[in-house]
Amino acid sequence: EHCYVHFNGFGKTVSGLRRKSGLAEIIQPYILQRRVEDVLPELPAKSRQDLWSPMSATQARLYQQMQKSMVATLDLSTSIFAVGALAQTTRLRQLAIAPSLLLPTKFAGSKASVLADLRNSLNGNQFVVFSTFSTAILQAAEMLGSSVATITGRNDYAERQKTLQRFRAGDVQV
């Protein structure tokens, strides 16, 4: 109704917009874009700080193995495989964050200690950590212990609201 649809002999091809009016209202429930200023006006201005965390020797070895041959081996019984370029890129990103995202080990990687140092240096001031990988957020929360709240795709709306309220009230630091 809103797009051009053609049968190509194998299926349908959708191309271009035929009728723009009304389309925004139809897709609006599926798209949510809000500015931080509108949702959390009490937050101070965003500040960005780049913190470098060199990989440990084991983490660097696993990363280099994956980069070179699409296989990284922790020991004789534990290996990580990447079947294609996209999988390899994802595995490399996970290894750079924390090998424990992929391996059955407590080896958190160097970023975990940088995060702990950051928390200690902020003297109780709040901060937010974002990650593409929800498991990384959950592992970081476990490592940091108290005064940490998480919001991931696993939380329903009510849990997210409750967590945001705790953060806004200052009940949690991270």
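Because the structure is a prediction, the values reported are computed rather than measured. (Residues numbered from 1 in each chain as written. Predicted model: local features only at pLDDT ≥ 70, side-chain atom pairs only at ≥ 80, totals over all residues. Heavy atoms only, no water.)

**Student:** How should the confidence of the model for the chain be read in this particular structure?
**Tutor:** Do not read the predicted coordinates in detail wherever pLDDT is low. Confidence in the prediction of the chain, expressed as mean pLDDT, is 80, and 95% of residues score 70 or more. Taken element by element, the chain is modelled with least confidence in strand S3 (residues 71-75), mean pLDDT 72, and with most confidence in helix H7 (residues 157-168), mean pLDDT 87. (pLDDT = per-residue confidence, 0-100. Helix = DSSP H or I, 4+ residues; strand = E, 2+ residues; numbered from the N terminus.)

**Student:** Any chance you could explain H7 here in plain terms?
**Tutor:** For H7, with 12 residues, the first-to-last C-alpha span of 16 Å sits near the 16 Å given by 1.5 Å per residue. Measuring from the backbone nitrogen of alanine 158 back to the side-chain oxygen at the start of H7 gives 3.2 Å, which picks out aspartate 156 as the cap. Just downstream of H7, glycine 170 is the residue with a positive phi angle, here 85 degrees. (Expected span 1.5 Å × (residues − 1). Polar contact = N/O pair within 3.5 Å; in protein donor to acceptor, adjacent residues only side chain to side chain.)

**Student:** Any chance you could explain unusual backbone geometry here in plain terms?
**Tutor:** For residues besides glycine, phi is generally negative; the peptide bonds are generally trans as well. Despite not being glycine, asparagine 123 shows a phi value in the positive range, around 50 degrees. The exposure class assigned to asparagine 123 is exposed, which follows from its relative accessible area of 70%. (Buried < 20%, exposed > 50% of the residue type's maximum accessible area, 1.4 Å probe, protein only.)

**Student:** Teacher, can you tell me more about helix H4 (residues 85-97) here?
**Tutor:** Note on helix geometry: an α-helix contains 3.6 residues per turn, so any two residues three or four positions apart are oriented the same way. Between its terminal C-alpha atoms H4 stretches 18 Å, which fits the 18 Å expected from 13 residues at 1.5 Å a residue. Among the residues of H4, those classed as buried are Gln88, Leu92, Gln94 and Leu95. Down the axis of H4, the sector holding all buried residues measures 165 degrees, keeping them to one side. Buried residues in H4 make contact with helix H3 (57-69) and strand S4 (78-81). (Arc of directions from axis to C-beta. Contact = heavy atoms within 4.5 Å.)

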